[in-house]
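# Descriptive analysis of the structure
Listed here are the chains, written in short residue letters.
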Amino acid sequence: MSASSTPPSSSTGALAALGAFLLWGFMPIYFKQLSHMPALEILGHRIVWSSVLTVLLCAVSGRLMAVRAGLLEWRKLRWLALSALLVGGNWLLFIWSVNNNHLTEASLGYYINPLVNMLLGYLFLGERLTFLQRIAAALAVGGVLLEIVAFGSLPWIAVVLALSFGFYGLLRKQVAVDAVSGLCVETCLLAPAALIYMWTSASPASDMLTNDAYHNLLLLAAGPATTLPLLLFIIASRRLTLTILGFFQYLGPSIMFILAITLYQEPVPQGKWITFVIIWCALALVSWDAVMRYRSRRLAPVA
């Protein structure tokens, strides 16, 4: 099929994927505007306004029954409660790392994340790893261990971000609920604690009645900033193969890394550069393996 005859659904999926990962990649610029606030308070606003927005979206799209089922069915609720804690912790660490000049390490975490997903699928879901995937996994583990042994530093932000988001995805696979409804339940579960923290916070920016309009708009934007890229990702995942979607996934951490070393001028020690190069090599192997398997599947009917 020629480029000019690409199905409209594929074009829509590609645009949605591009939008989602561009938004995620440039997200640090948004959080930098709130760097004068404690990370926990920014997280509180992100949770509260995301819960408000997702409830409205679920009401408009007829998903409130799915939300109700998630809150009332114990099996769903326990998994969503665990996933809520994981995604809340992931959001908090990401906000803290951005506003404390650790964006390079945060970007490393999201580079590692596809490899962590691959390993978790192998360990917990019985998914098979190809030869190249095994080499890539070994390279990723080796890159982290090398930084620990040779340079005496643990990239703990990257490791925690990758593991928390990886286990979050693994838990969400256990729940028969769509992404928006699931996010609605998760943020609603976290919202009471977020509201209590915001109510008792001594931060000067905690009272929205005394903030200027621009600052309040930034806080309110936490809802769409969280939900919009997720909705675009859902659209993309329904219209693109996982192989093609996987290539878009590298766009987000690449933008973060470029922002870190150019706009925010974060230093990158030699040990960190070596870790990045090893992880990039691992991702190149995974990408090559995915392309080869995708081509073999497309040629199989012809053969």
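Everything in this summary refers to the structure shown in the same document. (Residues numbered from 1 in each chain as written. Predicted model: local features only at pLDDT ≥ 70, side-chain atom pairs only at ≥ 80, totals over all residues. Heavy atoms only, no water.)

### Digging into the overall build of the chain
Defined as follows: Strands are runs of DSSP state E lasting at least two residues, helices are runs of H or I lasting at least four, and both sets are numbered from the N terminus onward. Atoms counted for the radius of gyration: C-alpha only. Globule rule: 2.2 Å times the number of residues to the power 0.38. Buried means the residue's accessible area, taken with a 1.4 Å probe over protein chains only, is under 20% of the maximum for its type, while exposed means over 50%, and partly exposed covers the values in between. Here, Shrake-Rupley sampling with a 1.4 Å probe gives the accessible areas, and only protein chains in the shown set may cover a residue. Two residue types count as positive, namely Lys and Arg, and two as negative, namely Asp and Glu; His and chain ends fall outside the count. In this description, the location of a charge corresponds to atom NZ of lysine, CZ of arginine, CG of aspartate or CD of glutamate.
The helix and strand tally for the chain stands at 13 helices and zero strands. Its C-alpha radius of gyration of 20 Å places the chain within 12% of the 19 Å reference for a compact globule of 303 residues. Dimensions of the chain, computed from the C-alpha atoms along their principal axes, are close to 65 × 50 × 40 Å. Put simply, the chain has 303 residues, and 46% of those count as buried. For the chain, the accessible surface area stands at approximately 15,300 Å², while carbon and sulfur atoms represent 71% of it. The distance from the centre of the 18 positive side-chain charges to the centre of the 11 negative ones in the chain is 15 Å.

### So, unusual backbone geometry
Unlike most non-glycine residues, Asn101 shows phi in positive territory, near 60 degrees. Here Asn101 is to be found in the loop between α4 (74-99) and α5 (103-124). Of note, Gln265 is a non-glycine position whose phi angle comes to about 50 degrees, a positive value. By secondary structure assignment, the location of Gln265 is in the loop between α12 (251-261) and α13 (270-299).

### Focus: the packing of aromatic side chains
Going by this rule: Note on aromatic pairs: the rings of Phe, Tyr and Trp (six-membered ring only in Trp) are paired at centre separations within 6.5 Å, and the planes decide the class, stacked below 30 degrees, edge-to-face beyond 60, tilted for the rest. For a lysine, the NZ atom is tested; for an arginine, the CZ atom; a charge sits over a ring if that atom is within 6 Å of the ring centre and within 35 degrees of the ring normal.
Summed over all chains, the structure comprises 16 aromatic pairs. Between Phe94 and Tyr110 the ring centres are 5.9 Å apart and the planes differ by 80 degrees, which places this aromatic pair in the edge-to-face class. Taken together, the positions of Phe94 in helix α4 and Tyr110 in helix α5 put the pair 16 residues apart, joining distant regions of the chain. Comparing Phe94 with Tyr110, the two get one shared label, buried. With centroids separated by 5.4 Å and ring planes inclined at 40 degrees, the aromatic side chains of Phe276 and Trp280 adopt a geometry described as tilted. On the criterion of helical spacing, the pair formed by Phe276 and Trp280 is a turn pair, its members being four residues apart in helix α13. Judged by relative accessible area, which is 30%, Trp280 ranks as partly exposed. The rings of Tyr30, Phe31, Phe94, Tyr110, Phe165 and Tyr168 are connected pair by pair, giving a single aromatic cluster. Sitting over the ring of Tyr264, Lys32 keeps its end group 4.7 Å from the ring centre. Sitting above the plane of the Trp91 ring, Arg46 keeps its charged end 4.4 Å from the centroid.

### Re helix α3 (residues 64-72)
Put simply, the test is: Here, the arc refers to the directions that run from the helix axis to the C-beta atoms. The contact criterion used is simple: two residues touch if any of their non-hydrogen atoms lie within 4.5 Å.
Among the residues of α3, Val67, Ala69 and Gly70 are the ones counted as buried. Considered in projection along α3, the buried side chains sweep an arc of 160 degrees and stay on one side of the axis. For α3, the exposed residues lying more than 90 degrees away from the buried face are Met65 and Leu72. Each element contacted by the buried residues of α3 is listed here: α2 (39-61), α4 and α8 (179-200).

### Focus: the state of the cysteines
What counts is decided by this rule: Cysteine sulfur atoms that come within 2.5 Å of each other are treated as a disulfide pair.
With the rule as written, the count across this model stands at zero disulfides. Between Cys58, a free cysteine, and Cys184, which holds the nearest cysteine sulfur, the sulfur-to-sulfur gap is 4.2 Å.

### Some thoughts on the pattern of salt bridges
Oppositely charged side chains can pair when the atoms bearing their charge come close. Heads up, the condition is: The term salt bridge refers to a pairing of a side-chain nitrogen on Lys or Arg with a carboxyl oxygen on Asp or Glu at a separation within 4 Å.
For the coordinates displayed, the defined rule picks out five salt bridges. For Asp178, the salt bridge goes to Arg63, with nearest N and O atoms at 3.0 Å. Residue Asp178 is located in the loop between α7 (156-172) and α8, and its partner Arg63 is located in the loop between α2 and α3; the two are separated by 115 residues in the primary sequence. For Lys272, the salt bridge goes to Glu105, with nearest N and O atoms at 3.3 Å. Placement of Lys272 in helix α13 and of Glu105 in helix α5 is noted, with a sequence separation of 167 residues between them. The residues Lys272 and Glu105 share a single accessibility class, namely buried. What emerges from the salt-bridge pattern is a single network uniting Glu105, Glu147 and Lys272.

### Notes on the packing of helix α9 (residues 213-220) against helix α10 (residues 222-239)
The test is simple: Inter-axis angles, ranging from 0 to 180 degrees, are taken between N-to-C directions of lines fitted to C-alpha atoms, where helices are fitted over the stretch in contact. Oblique is the label for every angle not falling under 35 degrees (roughly parallel), over 145 degrees (roughly antiparallel), or within 65 to 115 degrees (roughly perpendicular). Polar here means any residue outside two lists: the nonpolar Ala, Val, Leu, Ile, Met, Phe, Trp, Tyr, Cys and Pro, and the charged Asp, Glu, Lys and Arg; Gly therefore counts as polar.
Direction vectors running N to C along α9 and α10 enclose 30 degrees, while the axes themselves pass 4 Å from each other. One finds that α9 runs roughly parallel with respect to α10. On the side of α9, the interface is formed by Leu218, Leu219 and Leu220, while α10 contributes Ala222, Gly223 and Pro224. Here the contact of α9 with α10 is built from residues that sort into five nonpolar, one polar and no charged.

### Let's talk about the packing of α5 against α7
The description of two packed helices rests on the angle between their axes and on the distance between the axes. Our working definition: Left-handed is the label given to a crossing in which the near helix is rotated counterclockwise from the far helix by less than a right angle, and right-handed is the label when the rotation is clockwise.
Where α5 contacts α7, the two axes come as close as 7 Å, and the packing angle between them is 40 degrees. As the angle between them shows, α5 and α7 are arranged oblique. You can see that α5 and α7 cross each other, and the crossing is right-handed. Between α5 and α7, the contacting residues are Glu105, Ala106, Leu108, Gly109, Tyr110, Ile112, Asn113, Val116, Asn117, Leu120 and Phe124 on the first element and Trp156, Ile157, Ala158, Leu161, Ala162, Leu163, Phe165, Gly166, Phe167 and Leu170 on the second. Partitioning the contact of α5 with α7 into residue classes produces 16 nonpolar, four polar and one charged.

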